[in-house]
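# Working through the structure, step by step
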Amino acid sequence: MKIESIDLLHIRQPLVSPFVTSFGPQTDKECLIVTLHAAGLSGWGECVATVDPGYSYETIETAWHMLQDFMIPAVMDWEFEEPWELPQRLHFVRGHPLAKAALDLAFWDLTAQRDGLSLAQKLAQPYEAGPRPRVAVGVSVGIQPTVEETLTVVQQYLGDGYRRIKLKIKPGHDVTLASAARRAFPDTPIMLDANSAYTLADAPLFREMDDLDLLMLEQPLGYEDIYDHSLLRPQITTPLCLDESIHSADHARFALAIGACDIINIKPARVGGWTEARLVHDLCLEAGVPVWCGGMLETGIGRAGQLALASLPGFTLPGDISATSRYYDKDITAPFTLNGEDSTIDVPAAPGLGVEIDHRQLRRVTVREKRF
Ligand code: OSB
Ligand code: MG
């Protein structure tokens, strides 16, 4: 196959409610959408970098720059057969996994369509078992002004049918919140995500949470750390999960080798795309380490990619993949809905990402565009 042209779009659409983490609030979803055109097909990808460098050093502007000036020129007119050839092609760019992942998803979508396979089927080809038709999902609850408001929001999500709740925490908004949530919802799987807001000196605070029977504690320490996490882990009984500090399959290997975590949150964007995400998955499957698919408030494009990834055999914990209505009143694809009886979402079965793009809505939310 050969890429004939590429569209790069910067879009902005409102979130139904602000999403607040330990690094700040987000009221709108802004991201880049990449479309590859080849052989009469269009492959779509989403770059989940945000306006601010809060979760990652990458921003929408750095991603636009990397895509426009380095990555898009490197794939234009390139003869390729399979999406797993892309990481080598982009190897000359150090870092910038979120920008790489946008192109990566579009290559997977394009080649899966060419092969007449759903993305889930194409990703699952190396495994004996085919992809799961539906995947278990939970909901990630941003920091609310008070504990009471948090419990009200959780109650609403439980009412919608979500069975696993993730609460964002930050210093001063942690043990009391987690204890109150456990008391209010004694049987609900609850996990916490600190987004790197603590240090090893906070170990006693995490020990106080030992008896809350939490599903896991996600990324309490430094966003590039694995060593201090390996020191914290034996001091607490709550399973420890890494998000921010796993940037590649090698990072995952290092983390497992030093005992830095019990669980890994695989965000395909954070590791540079679906090819690398599958390598992290394989490594964890081999090591018996459970994984789940993280989220970045994706549009329907990224969400379809998350669902396909989470349908692989090693994804044994519910993902941060919620229904469209949890994020947007109107999205750029047809909405994804929650199966309320078992807290799952169906994995698209049509070729490629298997989503229907709402082109009118996409026009409406586009704030900048360039054709290559
Ligand atoms: O740490 O998992 C995170 C959103 C933005 C940045 C970081 C994170 C998140 C989430 C949202 O938790 C999960 C979702 O997409 O629903
Ligand atoms: Mg996280």
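So, how was this worked out
- Residues numbered from 1 in each chain as written.
- Chains lettered and ligands numbered in written order.
- Predicted model: local features only at pLDDT ≥ 70, side-chain atom pairs only at ≥ 80, totals over all residues.
- Heavy atoms only, no water.
- 1 Å grid on protein atoms, 1.4 Å probe; cavity = no way out; pocket = protein on both sides within 12 Å on 5 of 7 lines; lining within 4 Å.
- Points joined across faces, edges and corners; volume = space filled by probe spheres on them.
- Helix = DSSP H or I, 4+ residues; strand = E, 2+ residues; numbered from the N terminus.
- Nonpolar A, V, L, I, M, F, W, Y, C, P; charged D, E, K, R; others polar.
- Domains from an automatic or database assignment.
- Contact = heavy atoms within 4.5 Å.
- Buried area = accessible area lost by both parts, 1.4 Å probe.
- Salt bridge = Lys/Arg side-chain N within 4 Å of Asp/Glu carboxyl O.
- Polar contact = N/O pair within 3.5 Å; in protein donor to acceptor, adjacent residues only side chain to side chain.
- Near = heavy atom within 4 Å.
- Areas by Shrake-Rupley, 256 points an atom, 1.4 Å probe, with all protein chains shown as cover.
- Sits in = over half its atoms within 2 Å of the grid points.
- Disulfide = S-S within 2.5 Å.
- Buried < 20%, exposed > 50% of the residue type's maximum accessible area, 1.4 Å probe, protein only.

In this section: empty space enclosed by the protein. For the structure on display, the rule yields 2 cavities of 30 Å³ or more. Computed from the structure, the largest cavity encloses a volume of approximately 70 Å³. Every residue lining the largest cavity is listed: E46, V48, A101, L105, P268, A269, W274, E298, G302 and Q306. Elements that contribute at least two residues to the lining of the largest cavity include exactly helix 3 (97–115) and helix 11 (300–310). A per-class count over the lining of the largest cavity returns 6 nonpolar, 2 polar and 2 charged. Both domain 1 (5–116 + 358–371) and domain 2 (123–346) contribute no fewer than three residues apiece to the lining of the largest cavity. Estimated volume of the second largest cavity: approximately 40 Å³.

Moving on: the domain arrangement of the protein. Along its sequence, the protein is carved into domain 1 (5–116 + 358–371) and domain 2 (123–346). Between the C-alpha centres of domain 1 and domain 2 the distance comes to 23 Å. Taken together, the contact between domain 1 and domain 2 spans 34 residues of the former and 39 residues of the latter. Roughly 3000 Å² of surface becomes buried between domain 1 and domain 2 when both sides are summed, with 66% attributable to carbon and sulfur atoms. Of the charged contacts in the structure, one is a salt bridge between D358 and K330, with a shortest N-O distance of 3.1 Å. Counting across the interface, domain 1 meets domain 2 through 15 residue pairs in polar contact (both at pLDDT 80 or more). Only strand 1 (5–21), strand 2 (24–38), strand 3 (41–47), helix 3 and helix 12 (359–365) provide two or more residues apiece to the side of domain 1 that touches domain 2.

The next subject is the site of ligand 1. Taken together, 17 residues lie near ligand 1, and S140, D193, N195, L297 and Y327 sit nearest. S140 is positioned such that a nitrogen or oxygen atom in its side chain is 3.0 Å from an oxygen atom of ligand 1. For ligand 1, an oxygen atom lies 3.0 Å from a polar atom in the side chain of K168. Summarising the interface, the protein chains cover 98% of the accessible area of ligand 1, which totals 390 Å² for the free molecule. Here ligand 1 occupies the second largest pocket. Of the residues assigned to the shell around ligand 1, the class counts are 6 nonpolar, 3 polar and 8 charged. Three or more residues apiece are contributed to the shell around ligand 1 by two domains, here domain 1 (5–116 + 358–371) and domain 2 (123–346).

This brings us to the state of the cysteines. Think of a disulfide as a covalent bridge from one cysteine sulfur atom to another cysteine sulfur atom. Scanning all chains against the criterion turns up 0 disulfides. Considering cysteine sulfurs only, C261 is the nearest to C241, which forms no disulfide, with 7.2 Å between them. C241 gets classed as buried once you look at its relative accessible area, which sits at 0%. The closest cysteine sulfur to the non-disulfide-bonded C261 is located on C284, 7.1 Å from its own sulfur.

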